[in-house]
Amino acid sequence: MTRLRADDICNVNAELMDYNQQLVHTVGKSLAEIAVHSLNKKLEDFAGRYDLYTVGVIPVSCGEGIISGFSLTVQKIVEFLGFRSFVTEDKDVGGLAEAVRKGANIIFLADDDNFVAINIVSGKVSDNGEATGRGYAAALDLMAGGLNKRTVLLIGAGPVGTGAATFMTGRGARVLVYDIDGDKVEKLRQALPEAEAASELNEALVQARLIIEATPAADIIDQKYIFQDTMIAAPGIPLGLNRECKNIIGGRLVHDVLEIGVASMLFAVLDE
Ligand code: 2YH
């Protein structure tokens, strides 16, 4: 599992408006619209309800410790989406108590293995892995003008890949799954038997023009597999495309370090 570094996130806040514009240009929808699409909903479904929520983000020091700027970046994304939010001054259990005392009804917190949003009133929990996969699959769906009967190659069968595959099969896509760990592919297929295992990456890349790159590996897609109509949604960190691939794919790529995942987590824990 990739651990974000302070360097990965240091520009996210300053670039949120530009990133949102870039999504509108690439995907045709804003960050918030992509997140609600991942839940098969519309922004109107949440209209007039934003004021009901206060989001508390709690720094967590266990394991490898606090990542400088992580909680603040999560809070800024939540704020950008239009929600009242704050980072607690205290960390860990003290931070949780502080968040509740200050009126938070939604909590965000992350350790080395889990990153969750919890609606402490309804009990709804959203996991970053599942939400990120769902969010990127929703972005690909919007960018491609629909996934029904389209072949999508999913590279990476972890929690992010599984979240993406679930959304895409629900939208009628044929999902080919590749992972260097065949056991992960089998586990995904046990949960989602309609997904198909791809045994060889390059063979699968020849077939697919729509790709979800959900691996922690860099440089895994050779530029000869980026065709004129290839579209890639890439939640994987680091990005699995080298500079040449990035140049070829241009505006048909969606990739960020935190934004789509956090937005998809947030909307998932709001009340119906
Ligand atoms: O980046 C991570 C993990 N890889 C979890 C990702 C789950 N998909 N965690 C962030 C740790 C944040 C730290 N504990 C803090 O600053 O609070």
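Residues numbered from 1 in each chain as written. Predicted model: local features only at pLDDT ≥ 70, side-chain atom pairs only at ≥ 80, totals over all residues. Heavy atoms only, no water.

A. Spatial organisation of the sheet that holds strand E4 (residues 115-119). Taken together, the five strands give an open sheet; going across it, the order is E2-E1-E3-E4-E5, and neighbouring strands pair in mixed fashion. The open sheet is flanked by strand E2 (84-87) and strand E5 (125-127), the only strands paired with a single partner. Here the strands of the sheet are splayed against their neighbours by 15 degrees on average, with no regard to which way each runs. Inspection of the sheet shows strand E1 (residues 54-58) paired to strand E3 (residues 106-110) by four bridges, in the parallel sense. The residue bridging Val-57 from the neighbouring strand is Phe-108, located in E3. Lying over the sheet, helix H5 (residues 92-101) contacts E1, E2 and E3, oriented at roughly 170 degrees with respect to E1. (Pairing = 2+ DSSP bridges. Helix = DSSP H or I, 4+ residues; strand = E, 2+ residues; numbered from the N terminus. Axes fitted to C-alpha atoms, helices over the stretch in contact; angles between N-to-C directions. Contact = heavy atoms within 4.5 Å.)

B. The arrangement of the layout of surface pockets in detail. Empty space within the second largest pocket amounts to approximately 340 Å³. Taken together, 16 residues make up the lining of the second largest pocket; nearest its centre are Glu-15, Tyr-19, Gln-22, His-255 and Asp-256. In terms of residue class, the lining of the second largest pocket is built from five nonpolar, six polar and five charged. (1 Å grid on protein atoms, 1.4 Å probe; cavity = no way out; pocket = protein on both sides within 12 Å on 5 of 7 lines; lining within 4 Å. Points joined across faces, edges and corners; volume = space filled by probe spheres on them. Nonpolar A, V, L, I, M, F, W, Y, C, P; charged D, E, K, R; others polar.)

C. Spatial organisation of the nonpolar core. The biggest cluster of nonpolar side chains holds 67 residues, and the ones touching the most others in it are Phe-108, Leu-140, Met-168 and Ile-212. Sort the elements by how many residues they give to this core and helix H6 (residues 128-144) lands first, with eight residues. Beyond its immediate sequence surroundings of up to four residues, Leu-140 is in contact with Leu-147, Val-152, Met-168, Leu-210, Ile-211, Ile-212, Met-231, Ile-232 and Ala-233. If you look at the next biggest cluster of nonpolar residues, it comprises 20 residues, including Leu-176, Leu-205, Tyr-225 and Leu-239. (Core = buried A, V, L, I, M, F, W, Y, C linked by side-chain atoms within 4.5 Å. Buried < 20%, exposed > 50% of the residue type's maximum accessible area, 1.4 Å probe, protein only.)

D. Up close: the side chain of Asp-8. With respect to the helices, strands and loops of the structure, Asp-8 is situated in helix H1 (residues 6-9). Within polar-contact distance, the side chain of Asp-8 engages the side chain of Arg-5 at 2.8 Å. The residues touching Asp-8, leaving out its near neighbours within four places in the chain, are Arg-3 and Val-257. (Polar contact = N/O pair within 3.5 Å; in protein donor to acceptor, adjacent residues only side chain to side chain.)

E. Inspection of the packing of H6 against helix H11 (residues 259-268) at higher detail. Closest axis-to-axis distance for the H6/H11 pair is 8 Å, and the angle between their directions is 105 degrees. With respect to their mutual orientation, H6 and H11 come out roughly perpendicular. Of the residues in H11, those in contact with Asn-128, Ala-131, Thr-132, Arg-134, Gly-135 and Tyr-136 of H6 are Ile-260, Gly-261, Ser-264, Met-265 and Ala-268. Its residues assigned to classes, the contact of H6 with H11 comprises five nonpolar, five polar and one charged. (Parallel < 35°, antiparallel > 145°, perpendicular 65-115°, else oblique.)

F. How the structure looks around the site of the ligand. Around the ligand sit 15 residues in total, of which Thr-2, Val-60, Ile-67, Ala-110 and Asp-111 are the nearest. In this structure, Ile-67 approaches the ligand through a main-chain N or O atom, which is 2.9 Å from an oxygen atom. Measuring from a nitrogen atom of the ligand, one finds a backbone N or O atom of Ala-110 at 2.8 Å. When the free accessible area of the ligand is taken as 470 Å², the share hidden by the protein chains comes to 93%. Within the shell around the ligand, the residues separate by chemical class into nine nonpolar, three polar and three charged. (Near = heavy atom within 4 Å. Areas by Shrake-Rupley, 256 points an atom, 1.4 Å probe, with all protein chains shown as cover.)

G. Geometry of the pairing of strand E6 (residues 151-155). With respect to burial, E6 is a largely interior element, five of its five residues being buried. The alternating pattern of E6 places Thr-151, Leu-153 and Ile-155 and Val-152 and Leu-154 on opposite faces, both of which are buried. Pairing of E6 with strand E7 (residues 174-178) involves five bridges; the strand directions are parallel. Looking at E7, one finds that Leu-154 is bridged to Val-177. Tracing the backbone out of E6, into helix H7 (residues 159-170) and back to the parallel element E7 gives a crossover that is right-handed. Pairing between E6 and strand E9 (residues 210-213): four bridges, direction parallel. Note on E9: the bridge partner recorded for Leu-154 is Ile-212. (Right-handed = clockwise from strand over helix to strand, strands pointing away.)

H. Local environment of the sheet that holds E9. Ordered by their spatial adjacency, six strands build an open sheet running E8-E7-E6-E9-E10-E11, and the pairing between neighbours is parallel. Only two strands of the sheet have a single neighbouring strand rather than two, namely strand E8 (196-197) and strand E11 (253-254). Packed on one face of the sheet, H6 meets E6, E9, strand E10 (231-233) and E11 and runs near 160 degrees to E10.

I. Molecular detail of the pairing of E4. With four of its five residues buried, E4 lies for the most part within the structure. In terms of strand pairing, E3 meets E4 through five bridges, oriented antiparallel. Directly across from Ile-106, in E4, lies its bridge partner Asn-119. Remark: four residues form the turn of the hairpin made by E3 and E4, two consecutive strands paired antiparallel. Strand direction decides the pairing type here: E4 and E5, joined by three bridges, are antiparallel. Looking at E5, one finds that Ile-118 is bridged to Val-125. The antiparallel pairing of E4 with E5 creates a hairpin that spans five residues between the two strands, and Gly-123 there sits at a positive phi of about 85 degrees.

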